[in-house]
Amino acid sequence: MLKYALNRLAWAIPTLLLLITVAFFMIRVAPGGPFDSEKSLPPEIEQNIKAKYHLDEPVIQQYFRYLGQVLRFDFGPSFQYRDWTVNQLIADGFPVSLSIGALAMLLSFVLGIGIGTMAALRQNTGLDHGLMGVAMLGISIPNFVIAPLLILAVAINLGWLPSGGWEWNWRNMVLPVITLALPVTAYIARLMRGSMIDVLNSDFIRTARAKGLSEITVIRRHAMKPALLPVISYMGPAAAGLITGSVVIERIFAIPGIGSYFVQGAMNRDYTLVMGVVIFYGVLIIAFNFIVDLIYAWLNPRIQY
Amino acid sequence: MSKQNILEVEQLEVIFKTRDGIVQAVNSLDFSIAAGETLAIVGESGSGKSQTALAIMQLLAKNGEAKGMVRFGSKNLLEMTATEINEIRGEHIAMIFQDPTSSLNPYMTIEKQMLEVLERHRKMSRKEAKERVLEMLSLVDIPDPERRLRQYPHEYSGGMQQRVLIAMGLLCQPDLLIADEPTTALDVTVQDQIKRLMRELKEKSNTSILLITHDLGVVAGLADKVMVMYAGRMMEYAPVDEIFYRPRHPYTQALLKAVPRLDQPGDYDLHPIPGNPPNLSNLPAGCPFRGRCSQAYDACIQMPEVTEVGEGHQLRCHLGESVE
């Protein structure tokens, strides 16, 4: 187990290196630069700025300089927010993104499992078809459509909740969390329904029933865990989905999370900010998948690392 | 037989609603099992023998429906509510299945899976329950049961898994053990162990056994009575010696002949029954076996009635009628 964990951690290093390399050159290939603006600066000043940020060096040299910085966990100064380092921006935005993402994850996990189980137990009834129909919609409609519709209905027409902005307050969290959670809930519900139906048809469930256990006990004690396994393994990618999903959501709801910084950074060609967020996302996704694998192994006695 | 019948099945019908229409898996079946007696139901795949067993326990698939009378004690098992049948399952009637590997929950230790039977049906302390479990595991020859209890099913071999399932079934000393093809999924040497184990258990305890099988070797060693089923119907029903030494139905005769014999020199050929079992959703009129029967004649267009052709020997065949 420990050996497996160390092995996985070791593999994270080349993965991240590849990510850094691709992102580093891609953002520099994109047209425009961080200090382009409408009115052109005098060449001396432009030269000074570039020198300050080492943009005058050959790209390869910049690349290795950046790698050296990253090794020291220093993502450098933001090109756009001059008084801030990228580390500060991430430290500032991450708690906001994390709370929305974690709440959305929790909500979709609980709701998705509940809905999926209910649909499985009422397989091929009106309830099942209704729930799965709604879930299909939840998966198909992109969140940049859901978000404005929710804002229009709940914030503008009903006036119950703010349409955007941020304070550490539940009222500001409801709509973004719902928007983020919706597709993930729908996906988990469909996944859970399918796996629960499979498990309930398996031989060991028949054995459990033949013991005289009540149906509730059979489901709770015998069916739940194996039915959850596919959902657990989806949690890694789902976490990634929530993180990338929040890029759009934070923009729409004007929430100062890392997603917002990421979008602004990309627009402004804020090389260091974009790189910092990409690496941070990369580490998060690798960590989530790692944790999910550990949980999976812990739940399934047949897996031994 | 003078002994008390513990299970009486009358006019049992099992139907399945499928996309291709209604399939009649079991048709007007009558049989009974006395205390301590072993009844074997034999037949090819699809003859309805497993569905008979599942119907008794109300364990049919969702699209299946059982009608008729399955009298156990004073009640009809088929009319019981979920709560009532759960009092019977595991406590008075236990069941073991064909494929031991998939019949044990892979995510639970053997200990948990065995203890929950006693938790459900017996008021005993955890310590007493564990002792009972250990006792049963030793009875079915699981070595080092103390350590084995903490393991998961995948750490057991197929034969050991089946022995665990048998031990699990016998925890509450049921009146009836239904064994649905208990040896089919195992390899031959292990089959032999399980057969021997079941024979021992039968001799030691007074548990009645309903044995579902297509292995006539198992039947010879274990059964007191045999029912031969074909296309959901009883074809022949008789004490075990009658079936082996005086089989009356052409189907029974063909089944016996199909068993490879190594003790008769010069005859190492297989004698399979030609043709395939009929499609249950579209049964031809008359005797279901007539298409494959070597002795079929005009009368077989009509479904033969069940006739008594000897002491406790019932037959569904026109040949039997004509003899009388």
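Computed from a predicted structure; not experimentally measured.

Novice: Just checking my understanding: could you explain the sheet that holds strand S2 (residues 21-34) of chain B for this structure?
Specialist: Strands in a sheet are paired, the pairing made by backbone hydrogen bonds, and the direction either parallel or antiparallel. Residues and elements named next belong to chain B. Read from one edge of the open sheet, four strands run S2-S1-S4-S5, paired in antiparallel fashion. Here the strands that pair on one side only, and so sit at the sheet edges, are S2 and strand S5 (75-76). Here strand S1 (residues 5-18) pairs with strand S4 (residues 64-72) via eight bridges, running antiparallel. Bridge assignment links Val14 to a residue of S4, and that residue is Ala66. Packed on one face of the sheet, helix H1 (residues 49-56) meets S1, S2 and S4 and runs near 70 degrees to S2.

Novice: Is there a simple way to explain the nonpolar core in this structure?
Specialist: For soluble globular proteins, the rule of thumb is that nonpolar side chains tend to be buried together. Ile178(B) and Leu211(B) are the most contacted members of the largest nonpolar core, which totals 134 residues. Ranked by the residues each element gives to this core, the list is headed by helix H7 (residues 170-200) of chain A, at 17 residues. Of the residues that make up this core, three or more belong to each of domain 1 (5-92 + 176-262) and domain 2 (103-171) of chain B. Contact partners of Ile178(B), with chain neighbours within four places excluded, come to Ala53(B), Ile56(B), Met57(B), Ile93(B), Met95(B) and Leu210(B). The next biggest cluster of nonpolar side chains, apart from the first, holds 17 residues, and it includes Val86(A), Ile90(A), Val274(A) and Met275(A).

Novice: When you look at the sheet that holds strand S6 (residues 93-96) of chain B in this model, what are you seeing that I'm missing?
Specialist: All names here are of chain B. Pairing within the open sheet is mixed, and its eight strands lie in the order S6-S7-S8-S3-S9-S10-S12-S11. The two strands at the open ends of the sheet, each matched to only one other strand, are S6 and strand S11 (306-310). Across this sheet, the average inter-strand angle for adjacent strands is 20 degrees, counted without regard to direction. Sheet topology places strand S10 (residues 233-239) next to strand S12 (residues 313-316); two bridges connect them, and they run antiparallel. The partner of Tyr237 across the bridge, within S12, is Gln314. Contacting S6 and strand S7 (176-180), helix H7 (residues 158-170) crosses the sheet at an angle of about 175 degrees to S6.

Novice: What should I look at first to understand the interface of chain B and chain A in this one?
Specialist: Think of interface size as the accessible area that goes away when the parts come together; that is how it is often given. Counting from both sides, the interface comprises 23 residues of chain B and, opposite them, 19 residues of chain A. Only helix H2 (82-88), helix H3 (100-103) and helix H4 (110-121) of chain B provide two or more residues apiece to the side of chain B that touches chain A. Looking at the side of chain B that touches chain A, its residues break down into ten nonpolar, seven polar and six charged.

Novice: Where do I start with the domain arrangement of chain B in this structure?
Specialist: Residues and elements named next belong to chain B. If you check the domain split of chain B, you get domain 1 (5-92 + 176-262) and domain 2 (103-171). A C-alpha centroid distance of 25 Å is found between domain 1 and domain 2. In terms of residue class, the side of domain 1 that touches domain 2 is built from eight nonpolar, two polar and one charged.

Novice: What's the story with helix H2 (residues 43-52) of chain A in this structure? I'm lost.
Specialist: Structurally, the α-helix is built with 3.6 residues per turn, so residues lying three or four positions apart point the same way. Of all the ten residues making up H2(A), zero are buried; the element is thus mostly uncovered. His54(A) sits one or two positions beyond H2(A) and adopts a positive phi of about 65 degrees.

Novice: Whenever I open this one, the confidence of the model for chain A confuses me. Can you help?
Specialist: For any part of a model where pLDDT is low, the fine detail of the predicted coordinates should not be relied upon. Here chain A shows a mean pLDDT of 89. Residues at 70 or above account for 99%. Looking at the elements of chain A, mean pLDDT is at its lowest for H2(A), recorded as 83, and at its highest for helix H8 (residues 203-210) of chain A, recorded as 95.

Novice: What exactly am I supposed to notice about helix H3 (residues 59-71) of chain A here?
Specialist: The end-to-end C-alpha distance of H3(A) is 18 Å, a good match for the 18 Å that 13 residues give at a rise of 1.5 Å each. In the stretch just after H3(A), Phe73(A) is the one whose phi turns positive, near 55 degrees.

Novice: Which parts of the structure should I look at to understand unusual backbone geometry?
Specialist: Where the residue is not glycine, phi is negative for most of them; where a peptide bond is considered, it is trans in most cases. Located in the positive-phi region is His54(A), a residue other than glycine, with phi close to 65 degrees. Tracing the backbone through its elements, the reader meets His54(A) in the loop between H2 and H3. Overall, His54(A) belongs to the exposed group, with 12 C-beta atoms counted inside 10 Å. Of note, Gln11(B) is a non-glycine position whose phi angle comes to about 50 degrees, a positive value. Relative to the elements of secondary structure, Gln11(B) occurs in strand S1.

Novice: Hey, could you run me through the packing of helix H4 (residues 86-121) of chain A against helix H5 (residues 126-140) of chain A in this one?
Specialist: A pair of packed helices is characterised by two quantities: the angle between their axes and the separation of those axes. Residues and elements named next belong to chain A. Between H4 and H5, the least distance of the axes is 8 Å, while the angle of their chain directions is 145 degrees. Judged by the twist between their axes, the crossing of H4 over H5 is left-handed. Of the residues in H5, those in contact with Ile115, Met118 and Ala119 of H4 are Leu127, Asp128, Leu131 and Met132. Along the lines of polarity and charge, the residues of the contact of H4 with H5 split into six nonpolar, no polar and one charged.

Parameters and conventions
- Residues numbered from 1 in each chain as written.
- Chains lettered and ligands numbered in written order.
- Predicted model: local features only at pLDDT ≥ 70, side-chain atom pairs only at ≥ 80, totals over all residues.
- Pairing = 2+ DSSP bridges.
- Helix = DSSP H or I, 4+ residues; strand = E, 2+ residues; numbered from the N terminus.
- Contact = placed C-beta atoms within 7 Å.
- Axes fitted to C-alpha atoms, helices over the stretch in contact; angles between N-to-C directions.
- Core = buried A, V, L, I, M, F, W, Y, C linked by C-beta atoms within 7 Å.
- Buried ≥ 20, exposed ≤ 12 C-beta atoms within 10 Å, placed from the backbone.
- Domains from an automatic or database assignment.
- Nonpolar A, V, L, I, M, F, W, Y, C, P; charged D, E, K, R; others polar.
- pLDDT = per-residue confidence, 0-100.
- Expected span 1.5 Å × (residues − 1).
- Left-handed = near helix turned anticlockwise from the far one by under 90°.

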